[in-house]
Amino acid sequence: MTLQPHSLIELPADLDRDRLPRHVAVIMDGNGRWAKQRNLPRVMGHQRGVETLKNLLRCCKDWGIEALTAYAFSTENWGRPLPEVDFLMTLFERVLRQELAEMVAEGVQIHFVGDLAGLPKSLQAEIERAMAATANNQKIKFVVATNYGGRREIIHACRSIAAQVKAGLIDPADIDEVLFERHLYTGGLPDPDLLIRTSGEMRVSNFLLWQVAYSEIYVTKTLWPDFDRAAFHEALRDYQQRQRRFGRV
Ligand code: IPE
Ligand code: IPE
Ligand code: MG
């Protein structure tokens, strides 16, 4: 684990506390490239990436950010070689088991979003345990997108609304943005104010398609395992220079 400079433990003086994003979402990309640069197997990049995420979560909590959502595994990532997929599933399970006590102690409320029924049963059990154990925590919401696809999420919401219409509980004319949002996996969470993607790719890769409608996007060439507090500080500084207009003038 990399030690952070002491000056970055508290909110840096050049950031405006009143203009922090409430919700930060991250596409944690570049683990494989990080490992390749070091002649290591790709999975070592994933292993290191977990440390980066732990540090970022702590940083968000220290700096007073309400919610952090991290893209851990997409519905498309099943197309990777089986050993890598297996490694990731085992890693998620192990990390959850190892970190749960600390998350409880630190006031982290953990959520998982995605098609969770498609995950290994043993991982589903850890997920349920972690969500239940942290449900009343208040310091920060930590959302992990696993077997997540924005399109699948939208289809899921449509099906769930259609079922309510069929059951006569709602009328098609009742379907509006507020109702639709409630049927998304992220229902109840504010939309991300800031979407960060590491490792330079300029795409959203099926992440939070509905929710990022007005998010500020920040792309850095830094590879995920190297994305430390200083890099996050830079992203927030950039964010605070943006003018959010939401279609107005
Ligand atoms: C992101 O890093 C982690 C996951 C998608 C699970 P990658 O594994 O995509 O790393 P690169 O993009 O190949 O470098
Ligand atoms: C996006 O990264 C998915 C996650 C970070 C979990 P990918 O590496 O899978 O995305 P592409 O393939 O570059 O679009
Ligand atoms: Mg990638």
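Note that the structure is predicted; figures quoted are calculated from it, not measured.

### Brief notes about the packing of helix H2 (residues 42–63) against helix H7 (residues 229–240)
Reasoning step 1: Running from amino to carboxyl end, H2 crosses H7 at an angle of 50 degrees, the nearest separation of the two axes being 10 Å. With respect to H7, the axis of H2 lies oblique. Like other packed secondary-structure pairs, H2 and H7 cross with a definite hand, here right-handed. Along the contact surface, H2 presents Asn55, Leu56, Arg58, Cys59, Cys60, Asp62 and Trp63, while H7 presents Arg229, Phe232, His233 and Leu236.
Reasoning step 2: Residue composition of the contact of H2 with H7, grouped by class: 6 nonpolar, 2 polar and 3 charged.

### Notes on the site of ligand 1
Reasoning step 1: In the region of ligand 1, the neighbouring residues are Met28, Asp29, Gly30, Asn31, Gly32, Arg33, Arg42, His46, Ala72, Asn77, Arg80 and Leu88.
Reasoning step 2: Here Gly30 contributes a backbone N or O atom positioned 3.4 Å from an oxygen atom of ligand 1.
Reasoning step 3: For ligand 1, an oxygen atom lies 2.7 Å from a polar atom in the side chain of Arg80.
Reasoning step 4: Its free accessible area being 380 Å², ligand 1 has 86% of it covered by the protein chains.
Reasoning step 5: More than half of the atoms belonging to ligand 1 lie within 2 Å of the grid points that define the largest pocket.
Reasoning step 6: At the level of secondary structure, the elements contributing two or more residues to the shell around ligand 1 comprise helix H1 (31–37) and H2.

### A word on the nonpolar core
Reasoning step 1: Ranked by size, the top nonpolar core spans 46 residues in total, and within it Val26, Leu68, Phe142, Ile196 and Phe232 carry the most contacts.
Reasoning step 2: Take this core: its biggest share by element is 7 residues, from helix H3 (residues 82–106).
Reasoning step 3: Filtering out sequence-adjacent residues up to four positions away, Phe142 remains in contact with Leu53, Leu57, Leu68, Ala70, Met103, Val108, Gln109, Ile110 and His111.
Reasoning step 4: Among the nonpolar cores identified, the runner-up in size contains 12 residues, and Ile27, Phe207, Leu208 and Val212 belong to it.

Cut-offs used in this document
Residues numbered from 1 in each chain as written. Chains lettered and ligands numbered in written order. Predicted model: local features only at pLDDT ≥ 70, side-chain atom pairs only at ≥ 80, totals over all residues. Heavy atoms only, no water. Axes fitted to C-alpha atoms, helices over the stretch in contact; angles between N-to-C directions. Helix = DSSP H or I, 4+ residues; strand = E, 2+ residues; numbered from the N terminus. Parallel < 35°, antiparallel > 145°, perpendicular 65-115°, else oblique. Left-handed = near helix turned anticlockwise from the far one by under 90°. Contact = heavy atoms within 4.5 Å. Nonpolar A, V, L, I, M, F, W, Y, C, P; charged D, E, K, R; others polar. Near = heavy atom within 4 Å. Polar contact = N/O pair within 3.5 Å; in protein donor to acceptor, adjacent residues only side chain to side chain. Areas by Shrake-Rupley, 256 points an atom, 1.4 Å probe, with all protein chains shown as cover. 1 Å grid on protein atoms, 1.4 Å probe; cavity = no way out; pocket = protein on both sides within 12 Å on 5 of 7 lines; lining within 4 Å. Sits in = over half its atoms within 2 Å of the grid points. Core = buried A, V, L, I, M, F, W, Y, C linked by side-chain atoms within 4.5 Å. Buried < 20%, exposed > 50% of the residue type's maximum accessible area, 1.4 Å probe, protein only.

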